[in-house]
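# Per-entry structural report
Here's the letter readout for the chains.
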Amino acid sequence: MNKKLPVLAPGATIGILGGGQLGRMLALAAAELGLKCHIYAPEMDSCAFDVSAAQTCAAYEDEAALAKFADAVDVVTYEFENIPAATAKFLWSRKPVFPDPSVLETTQDRIVEKTFVNRLGIATPKFAAVDSIATLKQAVAGIGTPSVLKTRRLGYDGKGQATIKRAEEAEAAFASIGSAPSILEQFVPFRREVSVVAARGRDGKVVAFDTTENLHRDHILHKSRVPARMPDALGGQAIVIATKIAEALNYVGVLAVEMFVLDESGKLKLLVNEIAPRVHNSGHWTMDGATASQFEQHIRAVAGWPLAKPRRLGNVEMTNLIGAEANDWEKLAAEPGACVHLYGKGEARAGRKMGHVTRITKDTESIIR
Ligand code: AMP
């Protein structure tokens, strides 16, 4: 379905699966380019509904609703990577879907994903598949401790993960993640976490934003900043890795590749942790800190437009507003130069991403806290 597709002209409609803040910011970016978005999401209170031209609130398994949605849009994309494979295939048989649903098969399973990355000659943390206590014990013996046990599917923000510090803790760790099919990974004593957010157009051209440094708190992204504190050459190497992955997936749209920077006896090395087949929280800084955002790039890519060639506007730091932190909106709104984004979500529950604030400066050190 993805062959010989015309470029979408202003006025055309992009269907987006998923109605969270990423869908919301995609819809806003599309509107800036004169394109419309139709959001499909199962949750009534989806914050992307507020800013889109059309909305469908239905389950991902509801084929009647999916068929109607497909009829109403020119192209389909997603803001959420755990779309059931059957949903993506159903839509693909009716309308072009970008990125191609086959990408989800690679990225929805951590073993398939890391195996794919290794086959490209790109390093990941050492890993082994686990599906029973017996295979877990074998994996712990092979990989050693400390190690991290993660469910193969559906994990995010540290959910479905357990650290194993000593071999005796293995059984309890497996039980804590519901004894689900898992991956055991070597624990990487990383120096930094970084990511590359890159866009690939329908014409195969790749444009990446500068490598971004990410700081997590309680497994949730707390801050992203550019430039990352790493040698420029290593930042460039991270972009080469992300480009190789985007090309191998024949990807169309924006993707993020999360990596660890490891110091191996004084030599810095990159290990790929995860591929996110969508716009990504670590790219939110681009809304204010670059001449074109990751959201605009994604819309351009799926619409068949040429990608923008964004320029960075300074040293940028993005801070997430998690849960009650968003209650400080009045203070943040009064801060000179702060760019405040609130997602219009209802209750500020603990751990919920409610908004973000971006600060741009000529002096990186002055914004590092
Ligand atoms: P993930 O869901 O794989 O992105 O993991 C969430 C976070 O847990 C990462 O951003 C890291 O901070 C940490 N983490 C995940 N895997 C590892 C690992 N193999 N070694 C060390 N830390 C990890």
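Residues numbered from 1 in each chain as written. Predicted model: local features only at pLDDT ≥ 70, side-chain atom pairs only at ≥ 80, totals over all residues. Heavy atoms only, no water.

## Regarding the overall build of the protein
Each helix and strand counted, the protein has 11 helices and 17 strands in total. Taken against the 2.2 N^0.38 rule, which gives 21 Å for 369 residues, the C-alpha radius of gyration of the protein at 20 Å falls within 12% of a compact globule. Its C-alpha atoms put the protein at 60 × 50 × 40 Å along the principal axes. In the protein, the share of contacts with a sequence separation of at least 24, taken over all contacts with a separation of at least 6, comes to 62%. Looking at the protein as shown, the accessible area adds up to about 16100 Å², and 53% of this sits on carbon and sulfur atoms. (Helix = DSSP H or I, 4+ residues; strand = E, 2+ residues; numbered from the N terminus. Rg over C-alpha atoms; globule rule 2.2 N^0.38 Å. Contact = heavy atoms within 4.5 Å. Areas by Shrake-Rupley, 256 points an atom, 1.4 Å probe, with all protein chains shown as cover.)

## Re the pairing of strand β15 (residues 315-322)
Burial runs high along β15: eight of the eight residues are buried. Burial along β15 is two-sided: Asn315, Glu317, Thr319 and Leu321 facing one way and Val316, Met318, Asn320 and Ile322 facing the other are all buried. Relative to β15, strand β12 (residues 220-226) is paired through four bridges, and the arrangement is antiparallel. The residue of β15 that forms the bridge with Arg225 is Glu317. Where β15 lies against strand β17 (residues 353-361), eight bridges are found, and the strand directions are antiparallel. By the bridge assignment, Val316 is partnered in β17 with Ile360. (Buried < 20%, exposed > 50% of the residue type's maximum accessible area, 1.4 Å probe, protein only. Pairing = 2+ DSSP bridges.)

## Focus: the sheet that holds strand β3 (residues 54-57)
Taken together, four strands build an open sheet; the order of strands is β3-β2-β1-β4 and the sheet is parallel. Each edge of the sheet is formed by a strand with only one pairing partner; in this case those strands are β3 and β4 (75-78). Each adjacent strand pair in this sheet contributes to an overall mean axis angle of 20°, direction not counted. The pairing of strand β2 (residues 36-41) with β3 spans four bridges and is classified as parallel. By the bridge assignment, His38 is partnered in β3 with Ala54. Across the sheet, helix α10 (residues 294-303) touches β1 (13-17) and β4, and the angle it forms with β4 is around 145°. (Axes fitted to C-alpha atoms, helices over the stretch in contact; angles between N-to-C directions.)

## Quick look at the pattern of salt bridges
On inspection of all chains with the given rule, the structure shows 22 salt bridges. Among the ionic pairs, Glu274 bridges to Arg110, the shortest N-O distance being 3.1 Å. Here Glu274, found in strand β14 (residues 267-276), pairs with Arg110, found in helix α5 (residues 110-119); they are 164 residues apart in sequence, far enough to count as distant. By relative accessible area, which is 22% here, Glu274 ends up partly exposed. Salt bridges linked by common partners bring Glu213, Lys223, Arg225, Arg229 and Glu317 together as one network. (Salt bridge = Lys/Arg side-chain N within 4 Å of Asp/Glu carboxyl O.)

## Concerning the site of the ligand
Taken together, 16 residues lie near the ligand, and Lys150, Gln161, Val188, Glu193 and Glu274 sit nearest. Residue Gln161 places a side-chain N or O atom 2.9 Å away from an oxygen atom belonging to the ligand. Within the backbone of Val188, one N or O atom sits 2.8 Å away from a nitrogen atom of the ligand. Here the ligand has 480 Å² of accessible area as a free molecule, and 92% of this is covered by the chains. Of all the secondary structure elements, the ones that give two or more residues to the shell around the ligand are β6 (147-151), β8 (182-186), β13 (253-264) and β14. Split into classes, the residues belonging to the shell around the ligand amount to five nonpolar, five polar and six charged. Summarising the domain contributions, the shell around the ligand has at least three residues from each of domain 2 (126-186) and domain 3 (192-367). (Near = heavy atom within 4 Å. Polar contact = N/O pair within 3.5 Å; in protein donor to acceptor, adjacent residues only side chain to side chain. Nonpolar A, V, L, I, M, F, W, Y, C, P; charged D, E, K, R; others polar. Domains from an automatic or database assignment.)

## Side note on the sheet that holds strand β5 (residues 127-130)
What the four strands build is an open sheet, ordered β5-β8-β6-β7; its pairing is antiparallel. The open sheet has two free edges, formed respectively by β5 and β7 (161-164), since each of these has just one partner strand. On average, each strand axis in the sheet is inclined to that of its neighbour by 25°, with strand direction left out of account. Here β6 runs beside β8; their pairing, made up of five bridges, is antiparallel. Along β8, the bridge assignment pairs Val148 with Glu185. Here α5 sits on the sheet in contact with β5, β6, β7 and β8, set at roughly 150° to β5. Relative to β5, helix α6 (residues 133-143) is tilted by about 170°, and along the sheet it contacts β5, β6, β7 and β8.

## Observations concerning the confidence of the model for the protein
Across the protein, the average pLDDT comes to 94, with 96% of residues at 70 or higher. pLDDT under 50 marks residues 364-369. Its contacts with residues more than four places away, or in other chains, come to 14 contacts. (pLDDT = per-residue confidence, 0-100.)

## Topic: α10
Given 3.6 residues per helical turn, the α-helix brings residues three or four places apart onto the same face. Across the 10 residues of α10, 10 count as buried, placing the element largely inside the fold. All buried positions along α10 are accounted for by Gln294, Phe295, Glu296, Gln297, His298, Ile299, Arg300, Ala301, Val302 and Ala303. Sitting at the amino-terminal end of α10 is Ser293, which places a side-chain oxygen 3.2 Å from the backbone nitrogen of Phe295. Two residues or fewer past α10, Gly304 is found with a positive phi of approximately 85°.

## Describing the environment of Glu43
Mapped onto the fold, Glu43 is located in the loop between β2 and β3. Each C-alpha atom, one on Glu43 and one on Ala59, is 8.4 Å from the other, the two residues being 16 residues apart in sequence. What Glu43 contacts, discounting residues up to four positions off in sequence, is Phe49 and Cys57.

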